[in-house]
Amino acid sequence: MAIEVRIPTILRPYTDGAKVVEGNGATLAALIDDLDSRHVGLRDRLVEDGALRRFVNVYLNDEDVRFLGGIDTALSDGDSVTILPAVAGG
Amino acid sequence: MLEISADLLDAVIAHARADHPDEACGVIAGPEGADIPTRFIPMVNAARSPTFYEFDSRDLLALYRDMDDREEEPVVIYHSHTATEAYPSRTDIAYASEPHAHYLLVSTRECGNGDGPVEVRSFRIVDGAVTEEPVVVTSADAPIGDAP
């Protein structure tokens, strides 16, 4: 059983170009650790000082995890996680 | 080089004028891999600020799902500067996250909401490096790719 994770263009160098990868974890933090074990460097692009980076959006199914439990959001088998960098600037 | 039709460019400029003095932002999507902007998608600036823009997080998810379904990608990501030149700011460079996109900037510092002159420039922003590129405006009724 696994969680489907959609990877944005800018992070696909870490996944050999794959748009979708699979991982496991009871929380988003555990899922990111699991992904980083196979796609080394991915965690640093998502996490800073133990929290999600400000300009990286992570969605559990249709909801921004900032409105759930952030990096401690609980996950279940069959969930879909989408990572999208913010489109932002000055 | 960014090739863009006159009607799409006009739509971007109209959005920038309308939202002045706040920054306007949006996307022009196009078929994956074709590098041709075709579908104008103005976005709400969730920051509603004269010095910052950010797509709303729910809008962002909906936008990318829609583009995925249509096999599109963000060919152009545009935003306006309302008090400074049409050149990427430090934050524009820091947060640029679409290495294949043309970052189109419009400055409304002279025209405001009116019909005065605007400055329009296009850039690639990859790994913190900014490269300006020419903007070639094609006629609205002769889309790129049509045989002459």
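The rules behind each value
- Residues numbered from 1 in each chain as written.
- Chains lettered and ligands numbered in written order.
- Predicted model: local features only at pLDDT ≥ 70, side-chain atom pairs only at ≥ 80, totals over all residues.
- Heavy atoms only, no water.
- Core = buried A, V, L, I, M, F, W, Y, C linked by side-chain atoms within 4.5 Å.
- Buried < 20%, exposed > 50% of the residue type's maximum accessible area, 1.4 Å probe, protein only.
- Helix = DSSP H or I, 4+ residues; strand = E, 2+ residues; numbered from the N terminus.
- Contact = heavy atoms within 4.5 Å.
- Buried area = accessible area lost by both parts, 1.4 Å probe.
- Salt bridge = Lys/Arg side-chain N within 4 Å of Asp/Glu carboxyl O.
- Polar contact = N/O pair within 3.5 Å; in protein donor to acceptor, adjacent residues only side chain to side chain.
- Phe/Tyr/Trp six-rings, centres within 6.5 Å; stacked < 30°, edge-to-face > 60°.

By size, the foremost hydrophobic cluster in this structure holds 23 residues, and its most contacted members are Val27, Phe55 and Leu63 of chain B. Those elements that provide at least two residues to this core are β2 (25–31), β3 (39–43), α2 (57–69), β6 (102–107) and β7 (119–126) of chain B. Here the element with the most residues in this core is α2 of chain B; it accounts for five residues. The residues contacting Phe55 of chain B, other than those within four sequence positions of it, are Val87 of chain A together with Cys25, Gly26, Val27, Met43, Val44, Ala46, Leu60 and Leu63 of chain B. Among the nonpolar cores identified, the runner-up in size contains 22 residues, and Leu11, Val47, Leu52 and Ile83 of chain A belong to it.

A word on the interface of chain A and chain B. The partner chain B presents 26 residues to the 20 residues of chain A that form the contact. Taken together, both faces of the contact between chain A and chain B bury some 2000 Å²; the carbon and sulfur share is 53%. For chain A, the biggest contributors to the area lost against chain B are Val87, Gly89 and Gly90 of chain A; these three give 32% of the whole. At the junction of chain A and chain B, the tally comes to five salt bridges. Note that Glu54 of chain B is salt-bridged to Arg54 of chain A, the shortest N-O span being 2.8 Å.

Glancing now at the side chain of Ser122 of chain B. Residues and elements named next belong to chain B. One can find Ser122 in strand β7. Residue classification places Ser122 among the buried residues on the basis of a relative accessible area of 0%. Of the polar contacts made by the side chain of Ser122, one reaches the side chain of Glu133; its length is 2.5 Å.

Under the defined criterion, the tally for this structure stands at six aromatic pairs over all chains. Taking the centre distance of 6.5 Å and the plane angle of 80° together, the rings of Phe52 of chain B and Tyr95 of chain B count as edge-to-face. Taken together, the residues span a long stretch of sequence, with Phe52 of chain B in the loop between β3 and β4 (53–54) and Tyr95 of chain B in helix α3 (residues 90–95) at a distance of 43 residues. Pairing Tyr53 of chain B with Phe55 of chain B gives two aromatic rings, centres 6.5 Å apart and planes at 55°, and the pair type is tilted. Pair check on accessibility: Tyr53 of chain B and Phe55 of chain B agree, each one buried. Taken together, Phe55 of chain A together with Phe52 and Tyr95 of chain B form an aromatic cluster joined through their ring pairs.

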